[in-house]
Amino acid sequence: TGPGPNFSEAVYIKIGNALRLQQTLGTDPFGLGNATRTVYTPAMPVRKLPQRMGSTFQYNGVAIATAAADDLPPELLRKLPLRPDSLRLKVSVKLLSETDAWGKVLIPGGIFETLREKQTYAYSFQVEIKIGQRRWQNISSSATVKALFPNLTQITYTFWSDESLEPIAVLTMDRSG
C-alpha cells in the first residue's frame, strides 16, 4: 500500500460538508515501523456528505513526513547520493472520489444496501535531505531515489450504508487490479 491511512492517531477537522484529515501519527512512510507525524496540506477530505449516486470530488495536496538520519536504516542511507542529517518525504496526493455504483453487500454481519465509493489515489514522491545548516535539498532526480520511492496509483472501493456510521467493507486493489 502507499502512504495510506495506517496510523494510530489522527486529527480531523470539519469544513462545510466534508470531514478532512489534517495530520496523523503512526507508521512512517519510510517503512521503518517508527511512529511519525504526517501533515496534510490542505487537509484531505475523507468523507463528504450527503453522499449520493454520481457524487464526485477531487483533492490535490501534499503529505509531509520528516525523519532524522539516525532513525533511518543504514541500508537506505547507503543508497542516497549524500549522507544527510535529516530526510523529508513530500508526497503529492491526488485523489478522485466517485460514488459510482449501488447494490447489496453480503458480509458475515448481514446484507446491506450500499453505495460504492471508488477512490483513485495518485502518489508522487519528492525526497529532500538536510545537511547541517543548509537548506533542504531535493534529491528526487537521482535514479536510486526514484527506485526507492516510485510514483504509484492505488484504487480503493468503500461500501457505505445508511445503517452504519462506519464503512460496511473496504477493498484496496493491488497492482493486478
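A. Representation of the overall build of the protein within the structure. A tally of regular secondary structure across the protein gives 2 helices and 9 strands. Walking the protein from its N terminus toward its C terminus, one meets helices and strands in the order β-β-β-β-α-β-β-β-α-β-β. Along the first, second and third principal axes, the C-alpha atoms of the protein reach 55 × 35 × 25 Å. In the protein, the share of contacts with a sequence separation of at least 24, taken over all contacts with a separation of at least 6, comes to 56%. When the accessible surface of the protein is split by element, carbon and sulfur atoms take 52% of a total near 10,600 Å². With 20 positive and 15 negative side-chain charges, the protein shows a spacing of 9 Å between the two charge centroids.

B. Geometry of unusual backbone geometry. Omega for the bond connecting threonine 41 with proline 42 falls within 30 degrees of zero, at -15°, which places this linkage in the cis form. Structurally, proline 42 can be placed in strand 3 (residues 35–48).

C. Highlighting the pairing of strand 3. Relative to strand 3, strand 2 (residues 18–27) is paired through 9 bridges, and the arrangement is antiparallel. Paired with threonine 27 across the two strands is alanine 35, which belongs to strand 3. Of the pairings in the sheet, the one linking strand 3 to strand 4 (residues 56–68) comprises 3 bridges and is antiparallel in character. Residue valine 39 lies in a different strand from strand 4, and its bridge partner there is isoleucine 64.

D. Quick peek at the pairing of strand 8 (residues 152–160). With 7 of its 9 residues buried, strand 8 lies for the most part within the structure. Here 9 bridges tie strand 6 (residues 110–130) to strand 8, and the two strands are oriented antiparallel to one another. In the strand pairing of strand 8, leucine 115 is matched with tryptophan 160. Pairing between strand 8 and strand 9 (residues 169–172): 4 bridges, direction antiparallel. Bridging from a neighbouring strand, phenylalanine 159 pairs with alanine 169 of strand 9.

E. A look at the side chain of threonine 156. You can see threonine 156 is positioned in strand 8. Setting aside chain neighbours within four positions, we find threonine 156 in contact with Glu117, Lys118, Gln119, Tyr121, Val170, Leu171 and Thr172.

F. The arrangement of the packing of aromatic side chains in detail. Tallied over the entire structure, the rule returns 2 aromatic pairs. A centroid spacing of 5.9 Å and a plane angle of 5° characterise the contact between tyrosine 121 and tyrosine 123, whose relative ring orientation is stacked. Pair check on accessibility: tyrosine 121 and tyrosine 123 agree, each one buried. Aromatic pair phenylalanine 125 and phenylalanine 149: ring centres 6.1 Å apart, planes at 40°, arrangement tilted. With a gap of 24 residues between them, phenylalanine 125 in strand 6 and phenylalanine 149 in the loop between helix 2 (143–148) and strand 8 connect regions that are remote in the sequence. The same class applies to phenylalanine 125 and to phenylalanine 149, which are both buried. Note that arginine 47 overlies the ring of tryptophan 160, its terminal NZ or CZ placed 3.5 Å from the centroid.

About the thresholds
Residues numbered from 1 in each chain as written. Predicted model: local features only at pLDDT ≥ 70, side-chain atom pairs only at ≥ 80, totals over all residues. Heavy atoms only, no water. Helix = DSSP H or I, 4+ residues; strand = E, 2+ residues; numbered from the N terminus. Contact = heavy atoms within 4.5 Å. Areas by Shrake-Rupley, 256 points an atom, 1.4 Å probe, with all protein chains shown as cover. Lys, Arg positive; Asp, Glu negative; His and termini not counted. Charge placed at Lys NZ, Arg CZ, Asp CG, Glu CD. Pairing = 2+ DSSP bridges. Buried < 20%, exposed > 50% of the residue type's maximum accessible area, 1.4 Å probe, protein only. Phe/Tyr/Trp six-rings, centres within 6.5 Å; stacked < 30°, edge-to-face > 60°. Lys NZ or Arg CZ within 6 Å of the ring centre and 35° of its normal.

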